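Structural overview for review
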Amino acid sequence: MTNVTQMNETDRQYYFMEKASGHVAKLGEELGRRPTCCVTTFGCQMNARDSEKLVGILEKVGYEIIEDENADFVIYNTCTVRDNANQRVYGRLGVLNGYKRKNPHMKIALCGCMMQEPTVIEKIKNSYRFVDLIFGTHNIFKFAELLCSLFENEGMVIDIWKDTDKIVEDLPVERKYSFKSGINIMFGCNNFCSYCIVPYVRGRERSRNPKDIIREIEGLVADGVEIMLLGQNVNSYGKNLEEPITFAQLLQEVERIEGLERIRFMTSHPKDLSDELIEVMKHSKKICRHLHLPLQSGSTKILTAMNRRYTKEQYLELAEKIRKEIPDMAITTDIIVGFPGETKEDVDETIDVIRRVKYDNAFTFIYSKRTGTPAAAMEQVPEELVKEQFDRVLKTVQETAREQVSRYQGQICDVLVEEINENDSSLVTGRMSNNTLVHFPGDASLVGKLVNVSLDECHGFYYMGHMV
């Protein structure tokens, strides 16, 4: 008899995959067809990568992956960054309940950040009794084991960990795109920005061993040209390893990998973006000319209330240094308007930063009160005032971005083709190194290839062009 308690975690999970395969095969015999599964992802790139891990295991144990939620097994990988993200999940669960009444074999699983909140678990237990499996962000590596529990037990299976220091390597992953992939280099966050729930649901920072990261990327480059290194704050990478290594040093190791053509990363926290990292990016032939550097606010008063741990002046100094050292670097950002206590004068400060940094793009959000964060208890700004200030910020972003992006008009540049254009099938859509989108005539044979494209017409945030 196999003693699973003495196995290492990776071997344990492969043992449970084997066991789960038997359960899925038996279900297939009952159904007279291969069981189907649909994984729906809410939220960020980290969640998208987690879903690829879930799909990898589901395919290995015998499920057919489909897009339709009227499936034998439906998994929602949830996001909880805003309260309305939770409401969306509750709304969709109502639809699933209708499907489940018609399909007695159907199973429903919920995982991801939203499941790390005790109030959510209570609500699901009380109001959504038809959900079969609930697990969180810390024990996703146990998915095969949890699948076995699902088949072997009656009633709802709940497995939530408050935190973890575990990182389990070498489990199956099914990539959504063959030519590009996200790679987790670390998990969790130690920053505790006052508006953000992420550190509470993703846990403390823990970095993967650099050798494991390099090995994973080497396994991917056979059919891919681009990887994105993922972490809530990549600049903190390596600090908690037994043999500390900086993010800049990791990038240098990744750059040496043969066959890899493009390296991206996100997200970079301004408070600890080092001179060493700027230097590595400056001299790199593979690191993309795009840096996502969240500002959130241009007002030092608001930044302090947000617990961002830098001032307006420090941010501007950093952006100026990047522009000076790497003139062709595209800088994008995140901005929150309407944070508690924000005045028109604070928004003036944000607009001043936008004009001075000249972002290539900015993701601009109206502050959303997030229950469970310190900012939720602060005095909120009236809605009509927020809307007015938001429109001012958005207008400034659009003006400066148009000016920045149009600099490349008439140039020829490398574009990685990502897909057939969703609005016009005679066009393909690709991305420049600086992350700007380009649409140009082409067909499916170009997807996944780096091609030279002439940038003919700038349309604000994107270009129309032709292949040369």
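A brief report on the enclosed structure follows. This one's a predicted model, so the numbers in the text were calculated from it and none came from an experiment. (Residues numbered from 1 in each chain as written. Predicted model: local features only at pLDDT ≥ 70, side-chain atom pairs only at ≥ 80, totals over all residues. Heavy atoms only, no water.)

For the rest of this paragraph, the subject is the packing of helix α1 (residues 9-31) against helix α5 (residues 143-152). In contact at an axis separation of 7 Å, α1 and α5 are set at 35 degrees when each is read in the N-to-C sense. Handedness of the crossing formed by α1 with α5: left-handed. Together, Glu9, Arg12, Gln13, Phe16, Met17, Lys19, Ala20, His23, Val24 and Leu27 of α1 and Phe143, Ala144, Glu145, Leu147, Cys148, Phe151 and Glu152 of α5 make up the contact between the two elements. Its residues assigned to classes, the contact of α1 with α5 shows ten nonpolar, two polar and five charged. (Axes fitted to C-alpha atoms, helices over the stretch in contact; angles between N-to-C directions. Helix = DSSP H or I, 4+ residues; strand = E, 2+ residues; numbered from the N terminus. Left-handed = near helix turned anticlockwise from the far one by under 90°. Contact = heavy atoms within 4.5 Å. Nonpolar A, V, L, I, M, F, W, Y, C, P; charged D, E, K, R; others polar.)

Counted according to the given criterion, the structure contains two cavities of 30 Å³ or more. Looking at the largest cavity, its volume works out to about 40 Å³. Lining the largest cavity are Val337, Gly338, Glu342, Thr343, Lys344, Val347, Val381, Leu385, Val386 and Gln389. Every element with two or more residues in the lining of the largest cavity is listed here: α12 (344-357) and α13 (383-405). (1 Å grid on protein atoms, 1.4 Å probe; cavity = no way out; pocket = protein on both sides within 12 Å on 5 of 7 lines; lining within 4 Å. Points joined across faces, edges and corners; volume = space filled by probe spheres on them.)

We now examine the sheet that holds strand β6 (residues 157-159). Spatial ordering of the open sheet is given by β2-β1-β3-β4-β5-β6, a layout of six strands whose pairing is parallel. Where the open sheet ends on each side, the last strands, each with one partner, are β2 (64-65) and β6. Inspection of the sheet shows strand β1 (residues 36-41) paired to β2 by two bridges, in the parallel sense. When the bridges of β2 are listed, Thr36 appears paired with Glu64. In the packing of α5 onto the sheet, the strands contacted are β3 (73-78), β4 (107-112), β5 (133-135) and β6, and the crossing angle to β5 comes to about 155 degrees. (Pairing = 2+ DSSP bridges.)

Taking burial as the measure, the five residues of strand β11 (residues 262-266) include five buried ones, the bulk of the element. What you see with β11 is no split at all: Arg262, Arg264 and Met266 on one side and Ile263 and Phe265 on the other are buried throughout. Two elements, strand β10 (residues 226-230) and β11, share five bridges in a ladder whose sense is parallel. Paired with Glu226 across the two strands is Arg262, which belongs to β11. For the segment spanning β10, helix α8 (residues 247-255) and β11, crossover handedness is right-handed. (Buried < 20%, exposed > 50% of the residue type's maximum accessible area, 1.4 Å probe, protein only. Right-handed = clockwise from strand over helix to strand, strands pointing away.)

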